Each structure stands twice: as structure tokens, then as C-alpha cells.
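Each chain is listed here by its residues.
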Amino acid sequence: MMSSTRWKAGALFGLGAGVLAAILGLSGAVEAWQPGATPTWAEPEGCLRPPEDYTRHWVSVGYFNARTLAMLDHAQALYSARGGIIDLRVALTQGSYTGGALAASFGTHDGGGAVDLSVRHPVTWDILWDEIDPLIAALRTAGFAAWLRDTGDLYPDSPIHIHAIAIGDRELSEAARAQIDGTFGYLRGYDGLPRRDGIPVPDRHGGPVLCGWMIEDGWRDLRGERNPLPTPGGTSVVVTALP
Ligand SMILES: [Zn+2]
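Everything numeric here is computed off the predicted structure, so don't read it as measured data. (Residues numbered from 1 in each chain as written. Predicted model: local features only at pLDDT ≥ 70, side-chain atom pairs only at ≥ 80, totals over all residues.)

**Details of the confidence of the model for the protein chain**
- With 75% of its residues at a pLDDT of 70 or more, the protein chain has an overall mean of 83.
- Here residues 1–35 scores under 50 on pLDDT; set against residues more than four positions off or in separate chains, the count is 24 contacts.
- Within the model, the stretch residues 233–243 combines pLDDT values under 50 with 24 contacts to residues more than four positions away or in other chains. (pLDDT = per-residue confidence, 0-100. Contact = placed C-beta atoms within 7 Å.)

Here is the structure:
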């Protein structure tokens, strides 16, 4: 709570300086003074640090740790408050700790923090297109790297769903961790899918959401930064000669 308040106070202070500059016509002077004093980042609304509880629970389709479930519940609250109609517990189609049973996930569900959600109406089976962006936004604010995996994204005719990986889960598989900050990762602004040609594909949902608790834990927006070494497990390009 303390840090959250601090970030918001910083953002308000920044706004105040800009407004003051506009009113007084002193923009040059204020700009010259601003850089050292004004944070350039403000925490998005709805951020909440998840509990570090790794107790495993079976929920409908698989095992999830309590941290992941708390994040899902928070995403549900954010999403429902904005009119979302999908019940996330009902929409679960795959959990965590699958131990490599599903080759198409290339191991991202092997450890903790992994979730797949249906985006189809449970009765009519229609794809709920209008729900996808709001749900992904809520999942990202709740601390997941989350993307739509459209029909055929993973293999020919692979089913449409949302794939989410909990940022900071200490039981993530190596492949899941790579989807956070690896070569093709979320924090680099990509879609998380390893590519045979080694060229990452940009995220289709507006880039990563950074919360104060993530930054406190050492995560940061990696867009535009160099990635000198592919993260092990995060790339299909075989690295044979590391410097
Ligand atoms: Zn998945």
C-alpha cells in the first residue's frame, strides 16, 4: 500500500507541475527542473500484489497454486466490474503442474502459474469476441502475462483460448518463465511464442502492464532492450556456441 500511494502521489505531482507550467507560461523553466524530480511511471489502477501461497488446489480441470487462484479471482473482480460475463472458474480449460503431458504448450504448463481459459460461450459455443480484450486487460492488471491464442496459432486448427502465465510465480517451468522475459517474452512486447526463424512477433494486446509490486520484485518493461542471450527453454533456436 505504501508504494502504491507513493507512485500515485508522484503521478499527481507530475500532473500538477505540467498544469502549473501551462497556467504560468513557464514551461521552459519547469521542464528544465522536472527530469530529476518527476517519475515518468504511474501504477495502473487495479494492481494488487498476490499472496506468496503455493498450496496446490484441484479446480475442475487441473492443479493451480493458491497464488495463481488469488490472481484469477482478482482478475475476475476487475473484469466483472467492467461488465465482463465470463466466469473464470467455469472457463478454465487447463491448469498448472501438467508435467509435460501436452506437447503443444511446449512445457509452459509443466510448472506453476499457468492457466488456459475458454473464450467460448459454455452453452452456444460461440466465440465471445467482445469479452477477449477486457479479459486480457484484467488478467494483465492482476499480474498475468496473457494472450489470445487464436484458432491455429499453436498448430493447425488448435482451439482458440486465452493463455496466461503468472508473473513472479516461483514454480514456473523454464518455458513459462521464458514467456515472461525471454527472447519472445511478454515484458519485451512479444506474443510469447518461440519462432523457428528466431524473430519475435509483437503482442496483439497493447504491451505489458507493469505494477508496483512487479517493479519492487525486479521486473521491468524490457521493450527496446537488447537480449544478448536467448533464455534457456524460451527459444526453438538451438544455441551451440555461447560466448
Ligand atoms: Zn496455455
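**Quick word on the packing of helix α3 (residues 66–81) against helix α5 (residues 129–141)**
- In contact at an axis separation of 8 Å, α3 and α5 are set at 135 degrees when each is read in the N-to-C sense. As far as their axial angle goes, α5 and α3 are oblique. Of the two possible hands of crossing, α3 and α5 adopt the one that is right-handed. Here α3 contributes Ala75, Leu78 and Tyr79 to the contact with α5, which in turn contributes Pro134, Leu135, Ala138, Leu139 and Thr141.
- Per-class residue counts for the contact of α3 with α5 are 7 nonpolar, 1 polar and no charged. (Axes fitted to C-alpha atoms, helices over the stretch in contact; angles between N-to-C directions. Helix = DSSP H or I, 4+ residues; strand = E, 2+ residues; numbered from the N terminus. Parallel < 35°, antiparallel > 145°, perpendicular 65-115°, else oblique. Left-handed = near helix turned anticlockwise from the far one by under 90°. Nonpolar A, V, L, I, M, F, W, Y, C, P; charged D, E, K, R; others polar.)

**A word on α3**
- The terminal C-alpha atoms of α3, which comprises 16 residues, lie 22 Å apart, in line with the 22 Å expected from a rise of 1.5 Å per residue.
- Within the sequence span of α3, burial applies to Arg67, Thr68, Leu69, Ala70, Met71, Leu72, His74, Ala75, Gln76, Leu78 and Tyr79.
- Gly83 occupies a position one or two residues after α3 and carries a positive phi of about 95 degrees. (Expected span 1.5 Å × (residues − 1). Buried ≥ 20, exposed ≤ 12 C-beta atoms within 10 Å, placed from the backbone.)

**Describing the sheet that holds strand β6 (residues 161–166)**
- An order of β3-β4-β6-β5 is seen for the 4 strands of this open sheet, with the pairing classed as antiparallel. One side of each edge strand has no neighbouring strand; the edge strands of this open sheet are β3 (92–94) and β5 (144–149). For this sheet the average axis-to-axis angle between neighbouring strands, irrespective of direction, equals 30 degrees.
- As paired elements, strand β4 (residues 114–117) and β6 share 4 bridges and run antiparallel to each other. Within the sheet, the bridge partner assigned to Ala114 lies in β6 and is Ile165.
- Of the strands in this sheet, β5 and β6 are in contact with α5, which crosses β5 at around 160 degrees. (Pairing = 2+ DSSP bridges.)

**Overview of the nonpolar core**
- Ala75, Leu139, Phe144, Ala164 and Ile165 are the most contacted members of the largest nonpolar core, which totals 42 residues.
- Elements with a contribution of two residues or more to this core: α3, α4 (88–91), β4, α5, β5, β6 and α6 (174–181).
- In terms of residue count, the dominant contributor to this core is α3 (7 residues).
- Setting aside residues up to four positions removed in sequence, Phe144 forms contacts with Met71, Ala75, Leu139, Ala164, Ile165, Ala166 and Ile167. (Core = buried A, V, L, I, M, F, W, Y, C linked by C-beta atoms within 7 Å.)

**Description of the environment of Glu43**
- Following the sequence through the fold, Glu43 ends up in the loop between α2 (27–33) and β1 (56–59).
- Taking the C-beta count within 10 Å as the criterion, Glu43 has 21 such neighbours and is therefore assigned buried.
- Counting along the chain gives 170 residues from Glu43 to Trp213, while the straight-line C-alpha distance between them is 9.5 Å.

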